[in-house]
Amino acid sequence: MGLFQFATLPNDLRRVSSSEIMVRTSYGDSDQIRSLCISDRFIMESYFTTSHTSLDDSEFRNFLLLQQCSSEHDPTSIVPATSLIQHRNVTGEGSHRNLLTSIKLLPFYSESKLHELVILERLPLGVFADPFELQSLQQRRVFSDVSVFGDTNLELPSFRSNRSVVEIHVEVSPSDYENGEISLKLPLHARYQPLDDSGYSRVEFGEPDLFLCSSHEQRRCLVLSIGRSKTETRSVFWDIPAGIRGHTEYVSALTFAAAVLSAISILVASVLSSKVESCKNSKQS
């Protein structure tokens, strides 16, 4: 479930100019991308309708640079403090897991009474999110809006699929919440993995991209953070079972033998069934 709370804005923070706060809160790749003006319902919708057919991190960053608002001084602007990824973990068993993310938002000021926290989860190869399952969560108001972009073919194995991205919208209002912590649970599923000598295929999740967007028709989104590079200390891993390459011959032989025995069994059963029916018909006559 989405849980969200916000603290009240201290008086000393209200006196700080918006440009000073934005400089303080921007870090990493977001230093040069402070605010976006997006006309589409989803940020990723704008990305994929501008001649992009697949998700590429460098192309996506260039897209964000092109979407920067022409003026930083806008009456609908929003001025947040730092957002922090408090905790990320993959839970569950088998091929169906949940990616848990806890986000800490410090107090912010906005002239708009309602806006959304937008989370972009750029999924690695080997996992996918089921759009129908996410629609069910949206109907239950777990998310205010959610959609999957990129490769949405659920049947493809890992080595034939492309990356996908999940865009999650969560409504937030500074007057409604106290602690500023949001917990999100994203259901994910593993694709069939390529053969590996270890018997496992490791997929790695980096940090998500975070935006705070106003609720106007021409939406203005302030960049809270652009997902950091994957590192051992910040990344989350999922070791997905995969076929062992050395077992290929044995598995192929057993599969062939099982198929032959099944075919023979079906043939014998059909012949015996025909004989039984013939005996019944002869007795009745």
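From a predicted model like this one, the values you see are computed outputs, not experimental measurements. (Residues numbered from 1 in each chain as written. Predicted model: local features only at pLDDT ≥ 70, side-chain atom pairs only at ≥ 80, totals over all residues. Heavy atoms only, no water.)

### What to know about the overall build of the protein chain
Scanning the protein chain for helices and strands turns up six helices and 14 strands. Relative to its full complement of 285 residues, the protein chain shows a buried share of 42%. Considering only contacts within the protein chain whose residues lie at least 6 apart along the sequence, 78% involve residues at least 24 apart. Taken as a whole, the protein chain presents about 15,800 Å² of accessible surface, with 51% of it coming from carbon and sulfur. (Helix = DSSP H or I, 4+ residues; strand = E, 2+ residues; numbered from the N terminus. Buried < 20%, exposed > 50% of the residue type's maximum accessible area, 1.4 Å probe, protein only. Contact = heavy atoms within 4.5 Å. Areas by Shrake-Rupley, 256 points an atom, 1.4 Å probe, with all protein chains shown as cover.)

### Description of a nonpolar patch on the surface
Judged by side-chain polarity, Phe256, Val260, Ile264, Val268 and Leu272 come together as a nonpolar surface patch covering roughly 470 Å² of accessible area. Residue classification places Val268 among the partly exposed positions, given a relative accessible area of 42%. (Patch = residues over 30% accessible without salt bridge, like charges linked within 9 Å, V, L, I, M, F, W, Y side chains within 5 Å. Salt bridge = Lys/Arg side-chain N within 4 Å of Asp/Glu carboxyl O.)

### Structural notes on the UniProt feature "transmembrane region" (unreviewed entry) in the protein chain
UniProt's entry tags residues 250–272 with the feature "transmembrane region" (unreviewed entry), counted in the numbering of this structure. Measuring from the first to the last C-alpha atom of residues 250–272 gives 33 Å, for a span that is 100% helix and 0% strand. (UniProt positions renumbered as here; feature names shortened; annotations may be inferred.)

### Quick look at the sheet that holds strand β9 (residues 164–172)
Sheet architecture is open: six strands sit in the order β1-β13-β12-β6-β9-β8, paired in antiparallel fashion. For this open sheet the edge positions go to β1 (35–38) and β8 (145–150), each flanked by a neighbour on one side alone. The sheet shows a mean angle of 25° between the axes of neighbouring strands, taken without regard to direction. Sheet analysis places strand β6 (residues 115–122) next to β9, joined by eight bridges and oriented antiparallel. Residue pairing for β9: Ile119 is matched across the bridge by Ile168. Its contacts with the sheet place helix α5 (residues 131–139) against β8 and β9, and it is angled at close to 165° to β8. (Pairing = 2+ DSSP bridges. Axes fitted to C-alpha atoms, helices over the stretch in contact; angles between N-to-C directions.)

### Here's the deal with the pattern of salt bridges
The final tally for this structure, using the stated rule, is six salt bridges. Ionic pairing is found between Asp145 and Arg41, a salt bridge with its closest N-O pair at 2.8 Å. One end of the pair, Asp145, is in strand β8; the other, Arg41, is in the loop between β1 and α3 (43–48), and 104 residues separate them in sequence. Between Asp57 and Arg163 there is a salt bridge, with the nearest N and O atoms lying 3.2 Å from each other. Within this pair, whereas Asp57 is found in helix α4 (residues 57–66), its partner Arg163 is found in the loop between β8 and β9, the two being separated by 106 residues in sequence. We classify Asp57 as partly exposed; its relative accessible area is 38%. Assessed through its relative accessible area of 21%, Arg163 is described here as partly exposed. Each of Asp57, Arg122, Arg163 and Asp209 takes part in a single network of salt bridges with overlapping partners.

### Quick look at unusual backbone geometry
With a phi angle near 65°, Arg141 is a residue other than glycine that sits in the positive phi range. Here Arg141 lies in the loop between α5 and β8.

### A closer look at the confidence of the model for the protein chain
Close inspection of predicted coordinates is inappropriate in any region flagged by low pLDDT. Per-residue pLDDT for the protein chain has a mean of 76; in total, 73% of the residues score no lower than 70. In the predicted structure, residues 1–28 sits below a pLDDT of 50 and forms 57 contacts with residues beyond four places in sequence or in another chain. (pLDDT = per-residue confidence, 0-100.)

### Re the state of the cysteines
A full pass over the atoms with the stated rule returns two disulfides. Disulfide pairing is shown between Cys37 and Cys69; the S-S distance is 2.0 Å. Between Cys37 and Cys69 the sulfur-sulfur dihedral comes to about 115°; the bridge is accordingly right-handed. Of this pair, Cys37 sits in strand β1 while Cys69 sits in the loop between α4 and β2 (78–79), and the two are 32 residues apart along the sequence. Given the relative accessible area of 9%, Cys69 is considered buried. The residue that forms a disulfide with Cys213 is Cys221, at a sulfur-sulfur distance of 2.1 Å. Here Cys213 and Cys221 share a disulfide; its torsion about the S-S bond, 110°, makes the bridge right-handed. The burial state of Cys213 is the same as that of Cys221; both residues are buried. Taken N- to C-terminal, the disulfide-bonded cysteines of the protein chain are connected 1-2, 3-4. (Disulfide = S-S within 2.5 Å.)

### As for the packing of aromatic side chains
Overall, the coordinates contain six aromatic pairs when judged by the stated rule. A ring pair is formed by Tyr47 and Phe60, whose centres lie 5.4 Å apart and whose planes are at 80°; its orientation type is edge-to-face. Of this pair, Tyr47 sits in helix α3 while Phe60 sits in helix α4; the two residues are 13 residues apart in sequence, bridging distant segments of the chain. A relative accessible area of 1% means that Phe60 is categorised as buried. Ring geometry for Tyr47 against Phe63: centres 5.5 Å apart, planes inclined by 75°, an arrangement best described as edge-to-face. Taken together, the residues span a long stretch of sequence, with Tyr47 in helix α3 and Phe63 in helix α4 at a distance of 16 residues. These aromatic residues form a ring-pair network of at least three members: Phe42, Tyr47, Phe48, Phe60, Phe63 and Phe149. If you follow Arg202 out to its NZ or CZ, it ends over the ring of Phe237, 4.4 Å from the centre. (Phe/Tyr/Trp six-rings, centres within 6.5 Å; stacked < 30°, edge-to-face > 60°. Lys NZ or Arg CZ within 6 Å of the ring centre and 35° of its normal.)

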